[in-house]
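# Structural overview for review
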Amino acid sequence: MLANSNATANLAVKDLARAKAFYEDVLGLTEVHNEGGELIVYKCGDTSINVYRSNFAGTNKATAVTFMVGDEIEKIVSALRSKGVVFEHYDMPHTTIEGDIHVGHGMKVAWFKDPDGNILNLVDR
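Residues numbered from 1 in each chain as written. Predicted model: local features only at pLDDT ≥ 70, side-chain atom pairs only at ≥ 80, totals over all residues. Heavy atoms only, no water.

### Some remarks on the environment of Gly106
- Within the secondary structure, Gly106 sits in the loop between β8 (101-104) and β9 (107-113).
- Overall, the relative accessible area of 74% leaves Gly106 in the exposed class.
- Sequence separation between Gly106 and Leu2 is 104 residues; the distance between their C-alpha atoms is 29 Å. (Helix = DSSP H or I, 4+ residues; strand = E, 2+ residues; numbered from the N terminus. Buried < 20%, exposed > 50% of the residue type's maximum accessible area, 1.4 Å probe, protein only.)

Structure follows, in structure tokens:
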């Protein structure tokens, strides 16, 4: 029923202005819609991300958004690190950490958080 429908990630944040600076200035996303300081829609490839103000921001302890970056992962990790992004390191079976990138299971992954603690990741697919 929904297999041919696009899906949009929704990220709760406490301070929309701070989130706007992160998603635009650090991640380089482009705002395509703004709902008067309550919600900003960002373009991501062929999809979008909704960033909205919520009192429940920061309560999700799991990965919220995955960016499929292909063979650009090392370059993107380096660029984000130069902008002050701190990457998460997790102890995972059959995975090694090379710099800030987890390598294993035939893929490379790097995790980081936005200012509200939403967990985002980059995958080389």
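### Notes on the pattern of salt bridges
- In this structure the tally under the stated criterion is seven salt bridges.
- The shortest N-O distance in the salt bridge between Glu38 and Arg53 comes to 2.9 Å. Of the two residues, Glu38 is situated in the loop between β2 (30-34) and β3 (39-44) and Arg53 in strand β4 (residues 47-53); the sequence distance between them amounts to 15 residues.
- Accessibility expressed as a relative area gives 39% for Arg53, which makes it partly exposed.
- A salt bridge links Glu72 to Lys75, with the shortest nitrogen-to-oxygen separation between them at 3.7 Å. (Salt bridge = Lys/Arg side-chain N within 4 Å of Asp/Glu carboxyl O.)

### Some thoughts on the UniProt feature "domain: VOC" (unreviewed entry) in the protein
- Those places that UniProt annotates as "domain: VOC" (unreviewed entry) correspond, in this numbering, to residues 5-125.
- The span residues 5-125 is 17% helix and 41% strand, and its two end C-alpha atoms sit 21 Å from each other. (UniProt positions renumbered as here; feature names shortened; annotations may be inferred.)

### Considerations on the nonpolar core
- Counting 27 residues, the largest nonpolar core has Tyr23, Leu27, Phe112, Leu120 and Leu122 as its most contacted members.
- For this core, the secondary structure elements donating two or more residues are β1 (9-13), α1 (16-26), β3, β4, β5 (63-68), α2 (73-82), β9 and β10 (119-123).
- When residues of this core are assigned to their parent elements, the largest contribution, five residues, is made by α1.
- What Leu120 contacts, discounting residues up to four positions off in sequence, is Leu11, Phe22, Tyr23, Leu27, Val65, Phe67, Ala110, Trp111, Phe112 and Asp114. (Core = buried A, V, L, I, M, F, W, Y, C linked by side-chain atoms within 4.5 Å. Contact = heavy atoms within 4.5 Å.)

### Some details on the sheet that holds β4
- Spatial strand order, β1-β4-β3-β2: four strands in an open sheet with mixed pairing. At either end of the open sheet lies a strand with only one pairing partner, and these are β1 and β2. Strand after strand, the sheet turns through a mean of 30° between neighbouring axes, direction not considered.
- α1 contacts β1, β2, β3 and β4 of the sheet and is inclined by roughly 10° relative to β3. (Pairing = 2+ DSSP bridges. Axes fitted to C-alpha atoms, helices over the stretch in contact; angles between N-to-C directions.)

### Observations regarding the packing of aromatic side chains
- Scanning the model with the defined rule gives four aromatic pairs in all.
- Measuring from centroid to centroid gives 5.6 Å for Phe87 and Phe112, while their planes differ by 70°, and the two rings are edge-to-face. Of this pair, Phe87 sits in strand β6 (residues 87-88) while Phe112 is found in strand β9, placing the two residues 25 residues apart along the sequence.
- The class of Phe87 is buried, set by a relative accessible area of 8%.
- Counting every residue linked through ring pairs, the aromatic cluster contains Phe22, Tyr23 and Tyr42. (Phe/Tyr/Trp six-rings, centres within 6.5 Å; stacked < 30°, edge-to-face > 60°.)

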